[in-house]
Amino acid sequence: MFQTFKEWFWLERFWLPPQVKWSDLEDHDGLVFVKPSHLYITIPCAFGLLIVRHFFEKFIATPLAKAFGIKEEIQKVIPNAILEDFFKHSTRHPSQTDIYGLAKKCILTERQVERWFRRRRNQDRPCRMKKFQEACWRFAFYLMITVAGIAFLYDKPWVYDLWQVWNGYPRQALLPSQYWYYVLEMSFYWSLLFSLGSDVKRKDFLAHVIHHLAAISLMSFSWCANYIRSGTLVMIVHDVADIWLESAKMFSYAGWKQTCNTLFFIFSAIFLISRLIIFPFWILHCTLVVPMLYLEPFFSYIFLNLQLIVLQVLHLYWGYFILKMLKRCIFLKNIQDVRSDDEDEYEEEEDEEEEKEDATKGKGRDCLKNGLGADRHLVPNGQHGR
(Lines give C-alpha, C1' and ligand atoms only; values in the text may rest on other atoms or scores of the structure.)
Protein backbone atom coordinates (compact mmCIF):
# COMPACT_ATOMS: atom_id res chain seq x y z
CA MET A 1 0.00 0.00 0.00
CA PHE A 2 2.81 2.39 0.86
CA GLN A 3 4.50 1.63 -2.46
CA THR A 4 1.26 2.38 -4.30
CA PHE A 5 0.90 5.72 -2.50
CA LYS A 6 4.53 6.56 -3.21
CA GLU A 7 4.13 5.86 -6.93
CA TRP A 8 0.96 7.97 -7.02
CA PHE A 9 2.54 10.84 -5.04
CA TRP A 10 5.51 11.09 -7.38
CA LEU A 11 3.53 10.95 -10.60
CA GLU A 12 5.22 13.19 -13.13
CA ARG A 13 2.02 15.07 -13.96
CA PHE A 14 1.95 16.43 -10.39
CA TRP A 15 5.48 17.79 -10.37
CA LEU A 16 6.72 18.41 -13.90
CA PRO A 17 5.49 20.19 -17.03
CA PRO A 18 3.84 18.07 -19.75
CA GLN A 19 6.22 15.92 -21.81
CA VAL A 20 8.94 16.05 -19.10
CA LYS A 21 10.00 12.85 -17.29
CA TRP A 22 11.92 12.22 -14.08
CA SER A 23 14.55 10.55 -16.23
CA ASP A 24 15.27 13.95 -17.76
CA LEU A 25 16.49 15.13 -14.33
CA GLU A 26 19.00 12.35 -13.69
CA ASP A 27 22.63 13.33 -13.12
CA HIS A 28 24.77 13.26 -16.25
CA ASP A 29 27.97 14.73 -17.65
CA GLY A 30 29.00 16.08 -14.24
CA LEU A 31 25.71 17.93 -13.80
CA VAL A 32 23.77 17.32 -10.57
CA PHE A 33 20.01 17.75 -10.37
CA VAL A 34 17.80 18.12 -7.31
CA LYS A 35 16.48 15.03 -5.54
CA PRO A 36 14.00 14.85 -2.64
CA SER A 37 16.52 12.78 -0.68
CA HIS A 38 18.81 15.83 -0.55
CA LEU A 39 16.43 17.38 2.02
CA TYR A 40 16.76 14.56 4.59
CA ILE A 41 19.83 16.28 5.99
CA THR A 42 17.79 19.33 7.07
CA ILE A 43 16.29 17.48 10.08
CA PRO A 44 19.62 16.56 11.76
CA CYS A 45 20.92 20.00 10.80
CA ALA A 46 17.92 21.56 12.59
CA PHE A 47 18.82 19.74 15.80
CA GLY A 48 22.42 20.82 15.24
CA LEU A 49 21.24 24.43 15.04
CA LEU A 50 19.34 23.99 18.32
CA ILE A 51 22.58 22.88 19.97
CA VAL A 52 24.45 25.82 18.43
CA ARG A 53 21.65 28.11 19.62
CA HIS A 54 21.94 26.81 23.19
CA PHE A 55 25.64 27.61 23.37
CA PHE A 56 25.19 30.89 21.51
CA GLU A 57 22.57 32.10 23.99
CA LYS A 58 24.67 30.94 26.95
CA PHE A 59 28.09 32.27 25.95
CA ILE A 60 27.29 35.19 23.62
CA ALA A 61 23.70 36.44 24.05
CA THR A 62 23.66 36.28 27.87
CA PRO A 63 26.93 38.21 28.44
CA LEU A 64 25.81 40.72 25.82
CA ALA A 65 22.46 41.16 27.60
CA LYS A 66 24.21 41.67 30.93
CA ALA A 67 26.46 44.26 29.31
CA PHE A 68 23.28 46.10 28.31
CA GLY A 69 22.10 45.92 31.92
CA ILE A 70 19.37 43.32 31.44
CA LYS A 71 18.66 41.27 34.56
CA GLU A 72 18.39 37.51 34.33
CA GLU A 73 16.33 36.67 37.40
CA ILE A 74 12.69 37.46 38.06
CA GLN A 75 11.82 38.75 41.52
CA LYS A 76 10.08 36.03 43.54
CA VAL A 77 6.92 36.90 45.44
CA ILE A 78 6.63 36.38 49.19
CA PRO A 79 4.97 32.94 49.70
CA ASN A 80 1.35 33.18 50.78
CA ALA A 81 -0.68 29.94 50.86
CA ILE A 82 -4.09 31.64 50.69
CA LEU A 83 -3.22 33.90 47.76
CA GLU A 84 -1.35 31.10 45.94
CA ASP A 85 -4.35 28.77 46.24
CA PHE A 86 -6.67 31.48 44.89
CA PHE A 87 -4.21 32.23 42.06
CA LYS A 88 -3.98 28.60 40.95
CA HIS A 89 -7.57 27.45 41.42
CA SER A 90 -9.73 30.55 40.95
CA THR A 91 -8.30 33.32 38.76
CA ARG A 92 -5.06 35.12 38.02
CA HIS A 93 -6.96 38.43 37.83
CA PRO A 94 -9.10 38.83 40.98
CA SER A 95 -11.93 41.36 41.05
CA GLN A 96 -12.00 44.23 43.53
CA THR A 97 -14.41 42.23 45.69
CA ASP A 98 -12.03 39.26 45.69
CA ILE A 99 -9.12 41.50 46.62
CA TYR A 100 -11.09 42.98 49.54
CA GLY A 101 -11.95 39.50 50.87
CA LEU A 102 -8.41 38.17 50.44
CA ALA A 103 -6.95 41.22 52.18
CA LYS A 104 -9.16 40.50 55.22
CA LYS A 105 -8.14 36.82 55.27
CA CYS A 106 -4.41 37.54 54.96
CA ILE A 107 -4.42 40.64 57.17
CA LEU A 108 -2.95 42.70 54.33
CA THR A 109 -3.93 45.93 52.65
CA GLU A 110 -5.75 45.76 49.32
CA ARG A 111 -2.76 47.39 47.62
CA GLN A 112 -0.46 44.68 48.96
CA VAL A 113 -2.79 41.98 47.60
CA GLU A 114 -2.94 43.69 44.18
CA ARG A 115 0.85 43.93 44.13
CA TRP A 116 1.22 40.26 45.12
CA PHE A 117 -1.00 39.10 42.23
CA ARG A 118 0.78 41.38 39.77
CA ARG A 119 4.20 40.10 40.79
CA ARG A 120 2.93 36.52 40.80
CA ARG A 121 1.75 36.90 37.20
CA ASN A 122 5.07 38.47 36.23
CA GLN A 123 6.87 35.53 37.83
CA ASP A 124 5.31 33.14 35.27
CA ARG A 125 6.14 35.33 32.31
CA PRO A 126 9.39 35.11 30.35
CA CYS A 127 11.90 37.70 31.51
CA ARG A 128 13.59 40.25 29.29
CA MET A 129 16.73 38.13 29.33
CA LYS A 130 14.98 35.25 27.51
CA LYS A 131 13.41 37.62 25.00
CA PHE A 132 16.80 39.20 24.34
CA GLN A 133 18.46 35.81 23.89
CA GLU A 134 15.88 34.73 21.31
CA ALA A 135 16.11 38.00 19.39
CA CYS A 136 19.92 37.89 19.48
CA TRP A 137 19.99 34.35 18.06
CA ARG A 138 17.59 35.20 15.25
CA PHE A 139 19.54 38.38 14.48
CA ALA A 140 22.81 36.44 14.25
CA PHE A 141 21.31 33.82 11.94
CA TYR A 142 19.49 36.28 9.66
CA LEU A 143 22.66 38.36 9.36
CA MET A 144 24.70 35.28 8.45
CA ILE A 145 22.14 33.87 5.98
CA THR A 146 21.59 37.27 4.31
CA VAL A 147 25.32 37.75 3.76
CA ALA A 148 25.54 34.17 2.46
CA GLY A 149 22.52 34.72 0.20
CA ILE A 150 24.03 37.84 -1.32
CA ALA A 151 27.33 36.01 -1.86
CA PHE A 152 25.47 33.10 -3.49
CA LEU A 153 23.29 35.25 -5.76
CA TYR A 154 25.15 38.42 -6.68
CA ASP A 155 26.61 36.93 -9.88
CA LYS A 156 23.55 34.92 -10.97
CA PRO A 157 21.87 36.23 -14.16
CA TRP A 158 18.31 35.43 -13.00
CA VAL A 159 18.65 37.96 -10.15
CA TYR A 160 18.79 40.77 -12.72
CA ASP A 161 16.76 39.21 -15.53
CA LEU A 162 13.62 37.36 -14.42
CA TRP A 163 13.34 35.63 -17.79
CA GLN A 164 16.45 33.67 -16.87
CA VAL A 165 14.55 32.07 -13.97
CA TRP A 166 12.70 29.91 -16.47
CA ASN A 167 15.39 29.54 -19.10
CA GLY A 168 15.84 25.79 -19.60
CA TYR A 169 13.32 24.83 -16.91
CA PRO A 170 13.04 22.17 -15.55
CA ARG A 171 16.39 20.90 -16.83
CA GLN A 172 18.39 23.28 -14.64
CA ALA A 173 21.41 21.82 -12.86
CA LEU A 174 21.87 22.29 -9.12
CA LEU A 175 24.72 24.53 -7.94
CA PRO A 176 26.55 23.88 -4.63
CA SER A 177 25.64 27.37 -3.41
CA GLN A 178 21.94 26.70 -4.03
CA TYR A 179 22.18 23.42 -2.15
CA TRP A 180 23.71 24.96 0.99
CA TYR A 181 21.43 27.99 0.85
CA TYR A 182 18.37 25.72 0.93
CA VAL A 183 19.79 23.39 3.59
CA LEU A 184 20.64 26.24 5.96
CA GLU A 185 17.34 28.03 5.45
CA MET A 186 15.17 24.93 5.85
CA SER A 187 17.13 23.70 8.85
CA PHE A 188 16.61 27.05 10.56
CA TYR A 189 12.84 26.98 10.05
CA TRP A 190 12.68 23.39 11.29
CA SER A 191 14.58 24.47 14.41
CA LEU A 192 12.16 27.38 14.97
CA LEU A 193 9.25 24.97 14.65
CA PHE A 194 10.80 22.54 17.12
CA SER A 195 11.43 25.31 19.66
CA LEU A 196 7.99 26.95 19.51
CA GLY A 197 6.95 25.17 22.70
CA SER A 198 9.81 26.68 24.72
CA ASP A 199 10.06 30.09 23.05
CA VAL A 200 8.22 33.18 24.27
CA LYS A 201 4.51 32.90 23.44
CA ARG A 202 2.92 35.84 21.65
CA LYS A 203 -0.51 36.74 20.35
CA ASP A 204 0.46 35.68 16.82
CA PHE A 205 1.61 32.20 17.92
CA LEU A 206 -0.72 30.51 15.41
CA ALA A 207 0.49 32.80 12.63
CA HIS A 208 4.05 31.76 13.45
CA VAL A 209 3.12 28.07 13.20
CA ILE A 210 1.42 28.67 9.85
CA HIS A 211 4.37 30.76 8.65
CA HIS A 212 6.99 28.14 9.57
CA LEU A 213 4.96 25.29 8.04
CA ALA A 214 4.27 27.32 4.91
CA ALA A 215 7.95 28.23 4.59
CA ILE A 216 9.09 24.60 4.99
CA SER A 217 6.37 23.36 2.63
CA LEU A 218 7.19 26.00 0.05
CA MET A 219 10.93 25.33 0.15
CA SER A 220 10.43 21.55 0.04
CA PHE A 221 8.02 21.76 -2.86
CA SER A 222 10.12 24.24 -4.82
CA TRP A 223 13.11 21.94 -4.32
CA CYS A 224 11.37 18.78 -5.51
CA ALA A 225 9.86 20.52 -8.54
CA ASN A 226 13.21 22.23 -9.27
CA TYR A 227 11.96 25.79 -8.73
CA ILE A 228 15.35 26.52 -7.19
CA ARG A 229 16.02 29.83 -8.91
CA SER A 230 12.72 31.43 -7.90
CA GLY A 231 13.07 29.83 -4.45
CA THR A 232 16.38 31.56 -3.76
CA LEU A 233 14.85 34.90 -4.76
CA VAL A 234 11.97 34.37 -2.32
CA MET A 235 14.39 33.57 0.50
CA ILE A 236 16.66 36.59 0.03
CA VAL A 237 13.67 38.96 -0.17
CA HIS A 238 12.42 37.63 3.17
CA ASP A 239 15.71 37.52 5.04
CA VAL A 240 16.90 41.03 4.26
CA ALA A 241 14.27 42.74 6.45
CA ASP A 242 14.37 40.39 9.44
CA ILE A 243 17.85 41.51 10.51
CA TRP A 244 16.55 44.98 11.34
CA LEU A 245 13.52 43.69 13.22
CA GLU A 246 15.55 41.45 15.53
CA SER A 247 18.14 44.16 16.17
CA ALA A 248 15.34 46.61 17.04
CA LYS A 249 13.93 44.08 19.51
CA MET A 250 17.33 43.63 21.14
CA PHE A 251 17.71 47.35 21.78
CA SER A 252 14.10 47.59 22.93
CA TYR A 253 14.67 44.92 25.59
CA ALA A 254 17.87 46.75 26.58
CA GLY A 255 15.97 50.01 27.02
CA TRP A 256 17.72 51.89 24.19
CA LYS A 257 14.48 53.43 22.92
CA GLN A 258 15.95 55.92 20.46
CA THR A 259 18.13 53.29 18.81
CA CYS A 260 15.19 50.87 18.78
CA ASN A 261 12.97 53.45 17.08
CA THR A 262 15.58 54.17 14.41
CA LEU A 263 16.13 50.48 13.64
CA PHE A 264 12.40 49.85 13.57
CA PHE A 265 11.85 52.64 11.05
CA ILE A 266 14.55 51.09 8.85
CA PHE A 267 12.93 47.66 9.23
CA SER A 268 9.48 49.04 8.40
CA ALA A 269 10.73 50.67 5.22
CA ILE A 270 12.56 47.53 4.08
CA PHE A 271 9.63 45.27 5.02
CA LEU A 272 7.03 47.37 3.19
CA ILE A 273 9.23 47.60 0.10
CA SER A 274 10.40 43.95 0.03
CA ARG A 275 7.23 42.16 1.20
CA LEU A 276 4.46 44.41 -0.11
CA ILE A 277 6.05 45.73 -3.32
CA ILE A 278 8.94 43.57 -4.53
CA PHE A 279 7.42 40.24 -3.51
CA PRO A 280 3.96 40.63 -5.13
CA PHE A 281 5.02 42.70 -8.15
CA TRP A 282 8.38 41.04 -8.83
CA ILE A 283 8.45 37.52 -7.37
CA LEU A 284 4.77 36.66 -7.88
CA HIS A 285 4.87 38.16 -11.35
CA CYS A 286 7.89 35.97 -12.08
CA THR A 287 6.21 32.76 -10.86
CA LEU A 288 2.64 33.49 -11.96
CA VAL A 289 2.87 35.34 -15.29
CA VAL A 290 6.29 34.70 -16.87
CA PRO A 291 6.04 30.83 -16.93
CA MET A 292 2.90 31.02 -19.05
CA LEU A 293 4.99 32.45 -21.88
CA TYR A 294 7.09 29.25 -21.82
CA LEU A 295 4.76 26.53 -20.58
CA GLU A 296 1.15 25.42 -20.27
CA PRO A 297 -0.43 25.45 -16.78
CA PHE A 298 0.32 22.30 -14.77
CA PHE A 299 -0.28 21.15 -11.19
CA SER A 300 3.00 22.16 -9.54
CA TYR A 301 2.79 25.61 -11.13
CA ILE A 302 -0.67 26.12 -9.59
CA PHE A 303 0.32 24.69 -6.19
CA LEU A 304 3.50 26.78 -6.01
CA ASN A 305 1.62 30.01 -6.61
CA LEU A 306 -1.11 29.11 -4.13
CA GLN A 307 1.57 28.79 -1.44
CA LEU A 308 3.12 32.10 -2.43
CA ILE A 309 -0.29 33.76 -2.21
CA VAL A 310 -0.74 32.34 1.32
CA LEU A 311 2.65 33.80 2.16
CA GLN A 312 1.56 37.18 0.80
CA VAL A 313 -1.56 37.09 3.00
CA LEU A 314 0.74 36.62 6.00
CA HIS A 315 2.77 39.61 4.80
CA LEU A 316 -0.39 41.71 4.87
CA TYR A 317 -1.19 40.38 8.36
CA TRP A 318 2.21 41.38 9.72
CA GLY A 319 2.10 44.61 7.74
CA TYR A 320 -0.98 45.55 9.77
CA PHE A 321 0.97 45.07 13.03
CA ILE A 322 3.91 47.07 11.69
CA LEU A 323 1.71 50.01 10.72
CA LYS A 324 0.06 49.83 14.14
CA MET A 325 3.46 49.97 15.82
CA LEU A 326 4.53 52.87 13.59
CA LYS A 327 1.42 54.76 14.61
CA ARG A 328 2.25 54.15 18.26
CA CYS A 329 5.83 55.28 17.74
CA ILE A 330 4.88 58.47 15.90
CA PHE A 331 2.05 59.59 18.17
CA LEU A 332 3.11 58.09 21.53
CA LYS A 333 6.89 58.24 20.98
CA ASN A 334 7.13 54.59 22.05
CA ILE A 335 7.59 51.33 20.18
CA GLN A 336 6.13 48.25 21.79
CA ASP A 337 5.70 44.84 20.22
CA VAL A 338 1.92 44.80 19.71
CA ARG A 339 2.03 41.03 19.39
CA SER A 340 2.84 40.86 23.10
CA ASP A 341 0.32 41.13 25.86
CA ASP A 342 -0.03 44.88 26.45
CA GLU A 343 -1.05 44.23 30.03
CA ASP A 344 2.19 42.34 30.65
CA GLU A 345 4.33 45.31 29.70
CA TYR A 346 2.14 47.68 31.71
CA GLU A 347 2.34 45.54 34.81
CA GLU A 348 6.12 45.17 34.59
CA GLU A 349 6.55 48.94 34.27
CA GLU A 350 4.10 49.61 37.11
CA ASP A 351 5.94 47.11 39.30
CA GLU A 352 9.25 48.86 38.62
CA GLU A 353 7.70 52.24 39.48
CA GLU A 354 6.35 50.86 42.76
CA GLU A 355 9.76 49.44 43.65
CA LYS A 356 11.32 52.88 43.10
CA GLU A 357 8.58 54.47 45.17
CA ASP A 358 9.12 51.97 47.98
CA ALA A 359 12.85 52.55 47.85
CA THR A 360 12.33 56.29 48.07
CA LYS A 361 9.99 55.88 51.03
CA GLY A 362 12.48 53.53 52.69
CA LYS A 363 15.25 56.08 52.35
CA GLY A 364 12.93 58.74 53.76
CA ARG A 365 12.16 56.61 56.80
CA ASP A 366 15.87 55.91 57.34
CA CYS A 367 16.64 59.61 57.15
CA LEU A 368 13.92 60.48 59.65
CA LYS A 369 15.19 57.84 62.07
CA ASN A 370 18.58 59.54 61.99
CA GLY A 371 17.18 63.03 62.40
CA LEU A 372 17.47 63.87 58.67
CA GLY A 373 14.88 65.12 56.24
CA ALA A 374 14.15 63.54 52.86
CA ASP A 375 16.78 65.88 51.37
CA ARG A 376 19.26 64.56 53.98
CA HIS A 377 19.34 67.89 55.93
CA LEU A 378 19.03 67.95 59.73
CA VAL A 379 15.49 68.15 61.10
CA PRO A 380 15.08 70.05 64.40
CA ASN A 381 13.80 68.01 67.33
CA GLY A 382 10.04 67.75 67.42
CA GLN A 383 9.71 68.72 63.72
CA HIS A 384 9.41 65.18 62.23
CA GLY A 385 5.65 65.22 62.02
CA ARG A 386 5.36 68.61 60.32
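Residues numbered from 1 in each chain as written. Predicted model: local features only at pLDDT ≥ 70, side-chain atom pairs only at ≥ 80, totals over all residues. Heavy atoms only, no water.

### Observations regarding empty space enclosed by the protein
Working step 1: One pass over the full model with this rule turns up one cavity of 30 Å³ or more.
Working step 2: Considered as a void within the structure, the largest cavity measures approximately 190 Å³ in volume.
Working step 3: Only α9 (176-194), α10 (205-224), α11 (228-254) and α13 (299-332) provide two or more residues apiece to the lining of the largest cavity.
Working step 4: Ranked by the residues each element gives to the lining of the largest cavity, the list is headed by α11, at six residues.
Working step 5: Here the lining of the largest cavity is built from residues that sort into 11 nonpolar, six polar and two charged. (1 Å grid on protein atoms, 1.4 Å probe; cavity = no way out; pocket = protein on both sides within 12 Å on 5 of 7 lines; lining within 4 Å. Points joined across faces, edges and corners; volume = space filled by probe spheres on them. Helix = DSSP H or I, 4+ residues; strand = E, 2+ residues; numbered from the N terminus. Nonpolar A, V, L, I, M, F, W, Y, C, P; charged D, E, K, R; others polar.)

### A short note on the packing of helix α3 (residues 42-67) against α9
Working step 1: At a closest axis distance of 8 Å, the pairing of α3 and α9 adopts a crossing angle of 65°. Crossing geometry of α3 relative to α9 is assigned as right-handed. Where α3 abuts α9, its residues Thr42, Ile43, Cys45, Ala46, Phe47, Leu49 and Leu50 lie against Val183, Leu184, Met186, Ser187, Phe188, Trp190, Ser191 and Phe194.
Working step 2: Tallied by class, residues from the contact of α3 with α9 come to 12 nonpolar, three polar and no charged. (Axes fitted to C-alpha atoms, helices over the stretch in contact; angles between N-to-C directions. Left-handed = near helix turned anticlockwise from the far one by under 90°. Contact = heavy atoms within 4.5 Å.)

### Here we look at the nonpolar core
Nonpolar side chains tend toward joint burial in soluble globular proteins.
Working step 1: Counting 68 residues, the largest nonpolar core has Tyr142, Trp223, Tyr227 and Phe279 as its most contacted members.
Working step 2: Looking at this core, the elements with two or more residues in it are α2 (12-15), α3, α7 (128-153), α9, α10, α11, α12 (257-288) and α13.
Working step 3: By size, the runner-up hydrophobic cluster in this structure holds 16 residues, among which are Leu245, Leu263, Phe267 and Phe271. (Core = buried A, V, L, I, M, F, W, Y, C linked by side-chain atoms within 4.5 Å. Buried < 20%, exposed > 50% of the residue type's maximum accessible area, 1.4 Å probe, protein only.)

### A few points about the confidence of the model for the protein
Working step 1: In the predicted model, the protein carries a mean pLDDT of 83, and 84% of its residues have values of at least 70.
Working step 2: Predicted confidence for residues 338-347 stays below pLDDT 50, and this span has 29 contacts to residues more than four positions away or in other chains. (pLDDT = per-residue confidence, 0-100.)

### Overview of a nonpolar patch on the surface
Working step 1: Where nonpolar side chains cluster on the molecular surface, the patch consists of Phe299, Ile302, Phe303, Leu306, Ile309 and Val313 and spans about 530 Å² of accessible area.
Working step 2: As for its placement among the helices and strands, Phe303 is situated in helix α13.
Working step 3: A relative accessible area of 32% places Phe303 in the partly exposed class. (Patch = residues over 30% accessible without salt bridge, like charges linked within 9 Å, V, L, I, M, F, W, Y side chains within 5 Å. Areas by Shrake-Rupley, 256 points an atom, 1.4 Å probe, with all protein chains shown as cover. Salt bridge = Lys/Arg side-chain N within 4 Å of Asp/Glu carboxyl O.)

### Examining the layout of surface pockets
Working step 1: Taken as a whole, the second largest pocket encloses approximately 270 Å³ of empty space.
Working step 2: Here the lining of the second largest pocket is composed, by residue class, of five nonpolar, three polar and three charged.

### Brief notes about the packing of α10 against α13
Working step 1: Between α10 and α13, the least distance of the axes is 10 Å, while the angle of their chain directions is 150°. Taken as axis vectors, α10 and α13 run roughly antiparallel relative to one another. In this structure, α10 meets α13 at a crossing whose hand is left-handed. Listed contacts from α13 to Ala207, His208, Ile210, His211, Ala214, Ser217, Leu218 and Phe221 of α10 are Ser300, Phe303, Leu304, Gln307, Leu308, Leu311, Leu314, Tyr317 and Trp318.
Working step 2: The residue makeup of the contact of α10 with α13, split by class, is 12 nonpolar, five polar and no charged. (Parallel < 35°, antiparallel > 145°, perpendicular 65-115°, else oblique.)

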